Amino acid sequence: MSMTITRFTPSTPAPFRTVDSFSLLRIDEPSSLSAVLELVRQEQQTDPGARYLITLDDINQCLYTSGHARESDEIYYDADYDMDDPASVAQYQQAELAYVAAQLDDPALRRDWRDVGEKGLTSLPEDIAALVEINRHPDLVLDDAVYVQKLPVARDDLLIAGLPNGYFSCDWDIFDNHAVIRLLHDHDYRFFGIGAGWLGFIREDKIDPAKLERLIADLMTLYGQAENTQMWGELKQVIRNSPYLLLGYIEDFSRILES
């Protein structure tokens, strides 16, 4: 089956379920991650100031856990709206997005990425092996359907406000994920996507050896398993030759590769 693209417009009833009123495209049977990001690049050419977020693995689980993540005390937004009125829903979602983005920017709520590593997300060799595998074959991170959201946020790191995730206590939550996104920004990676278990990043140019060593050291702090030198060495080689970096944010994220 070839890749098909559906565009959502306010005046046309959506033939599929959308993520929310910010949904711009649905891509069925995406041929590759690079093909999806090329579509996003084309959208950016028509509106250079806009920012876009794509969904990655397991869209249904991603939306389910995001719904629960939005109920956390720090980002819960409570306002009345008419569920049967698209304009009312859109207005509510605009306000919710702005609120979540503001909460992420609140210094009192922000996390340090080193504290994220102390949560001990993983200590299993197979998880580091999964990092190697999915970064070696980045198309594996895509579900059969991918949604592209066009989000009115001020910075790329705030795109996660459009699909906040990290629900279970053993996973990174939205503030943990935002801390990691800011860390990767410092390593010249731009955040572009989120799924039920993975975060997606891209950089515009090749990483130089010294910066690569610092990146691997920071990833070891996040994930542990520093003694697993073979797998970290393999990941270093993959990162050296790829514009992408995919990071798991849930417990046992390696299992997603098995589905």
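Preceding this section is the structure that the text describes.
Caption draft 1: Here's a closer look at the overall build of the protein chain. When helices and strands are tallied, the protein chain shows eight helices and seven strands. A compact globule built from 259 residues should have a C-alpha radius of gyration of about 18 Å, and the protein chain, at 18 Å, falls within 12% of that. Seen through its C-alpha atoms, the protein chain measures out along the principal axes to roughly 55 × 45 × 35 Å. When each of the 259 residues of the protein chain is scored for burial, the buried share is 51%. Pairs at least 24 residues apart make up 76% of the contacts formed inside the protein chain by residues separated by at least 6 positions. On the protein chain, the mean spot of the 22 positive side-chain charges and the mean spot of the 45 negative ones are 8 Å from each other.

Caption draft 2: Here's a closer look at the packing of helix α3 (residues 86-104) against helix α6 (residues 174-186). Two elements in contact, α3 and α6, have axes separated by 11 Å at closest approach and are oriented at 65 degrees. For the element pair α3 / α6, the angle class is roughly perpendicular. As α3 packs across α6, the resulting crossing turns out to be right-handed. Contacts from Val100, Gln103 and Leu104 in α3 reach Ile174, Phe175 and His178 in α6. For the contact of α3 with α6, the per-class residue count stands at four nonpolar, two polar and no charged.

Caption draft 3: Geometry of the nonpolar core. Of all hydrophobic cores here, the largest spans 81 residues; its most connected members are Ile54, Leu219, Tyr223 and Ile239. Those residues within four positions of leucine 219 in sequence are excluded, and the remaining contacts are Gly224, Trp232, Leu235, Ile239 and Leu247.

Caption draft 4: Inspection of α3 at higher detail. Here α3 is 19 residues long and its end C-alpha atoms lie 27 Å apart, about the 27 Å a rise of 1.5 Å per residue gives. Inspection of α3 places Ser88, Val89, Tyr92, Gln93, Glu96, Leu97, Val100, Ala101, Gln103 and Leu104 among the buried residues, and these make up the whole buried set. Looking at the buried positions of α3, the neighbouring elements they touch are β4 (145-151) and α6.

Caption draft 5: Structural view of the environment of glutamate 43. Looking at where glutamate 43 falls in the secondary structure, it is placed in helix α1 (residues 33-46). For the pair glutamate 43 and lysine 150, spaced 107 residues apart in sequence, the C-alpha to C-alpha distance is 9.4 Å. For glutamate 43, the side chain forms a polar contact with the side chain of arginine 7, separated by 2.3 Å.

Caption draft 6: Broad picture of helix α2 (residues 59-69). Ile59, Cys62, Leu63, Thr65, Ser66 and Ala69 are the residues of α2 that are buried. On its buried face, α2 sits against β3 (51-55), β4 and β5 (190-194).

Caption draft 7: Representation of a negative patch on the surface. On the surface, Glu126, Glu251, Asp252 and Glu258 cluster together to form a negatively charged patch. Secondary-structure assignment places glutamate 258 in the segment after β7 (244-248). Using a relative accessible area of 67% as the deciding quantity, one classes glutamate 258 as exposed.

Caption draft 8: Local environment of the environment of alanine 154. In this structure, alanine 154 sits in the loop between β4 and α6. Take alanine 154: its relative accessible area is 56%, and that puts it in the exposed class. For the pair formed by alanine 154 and alanine 50, sequence separation is 104 residues and the distance between their alpha carbons is 9.2 Å.

Caption draft 9: A look at the state of the cysteines. A full pass over the atoms with the stated rule returns zero disulfides. A disulfide-free cysteine, cysteine 62 has its sulfur positioned 16 Å from the sulfur of cysteine 170, the nearest such atom.

Caption draft 10: Representation of unusual backbone geometry in the model. In the Ramachandran plot, aspartate 58 falls in the positive-phi region, its phi being about 45 degrees despite a non-glycine side chain. Relative to the elements of secondary structure, aspartate 58 occurs in the loop between β3 and α2. Positive phi, normally seen in glycine, also occurs at glutamine 225, with a value near 60 degrees. Structurally, the position occupied by glutamine 225 is in the loop between α7 (209-223) and α8 (229-240).

Cut-off values and rules
Residues numbered from 1 in each chain as written. Predicted model: local features only at pLDDT ≥ 70, side-chain atom pairs only at ≥ 80, totals over all residues. Heavy atoms only, no water. Helix = DSSP H or I, 4+ residues; strand = E, 2+ residues; numbered from the N terminus. Rg over C-alpha atoms; globule rule 2.2 N^0.38 Å. Buried < 20%, exposed > 50% of the residue type's maximum accessible area, 1.4 Å probe, protein only. Contact = heavy atoms within 4.5 Å. Lys, Arg positive; Asp, Glu negative; His and termini not counted. Charge placed at Lys NZ, Arg CZ, Asp CG, Glu CD. Axes fitted to C-alpha atoms, helices over the stretch in contact; angles between N-to-C directions. Parallel < 35°, antiparallel > 145°, perpendicular 65-115°, else oblique. Left-handed = near helix turned anticlockwise from the far one by under 90°. Nonpolar A, V, L, I, M, F, W, Y, C, P; charged D, E, K, R; others polar. Core = buried A, V, L, I, M, F, W, Y, C linked by side-chain atoms within 4.5 Å. Expected span 1.5 Å × (residues − 1). Polar contact = N/O pair within 3.5 Å; in protein donor to acceptor, adjacent residues only side chain to side chain. Patch = residues over 30% accessible without salt bridge, like charges linked within 9 Å, V, L, I, M, F, W, Y side chains within 5 Å. Areas by Shrake-Rupley, 256 points an atom, 1.4 Å probe, with all protein chains shown as cover. Salt bridge = Lys/Arg side-chain N within 4 Å of Asp/Glu carboxyl O. Disulfide = S-S within 2.5 Å.

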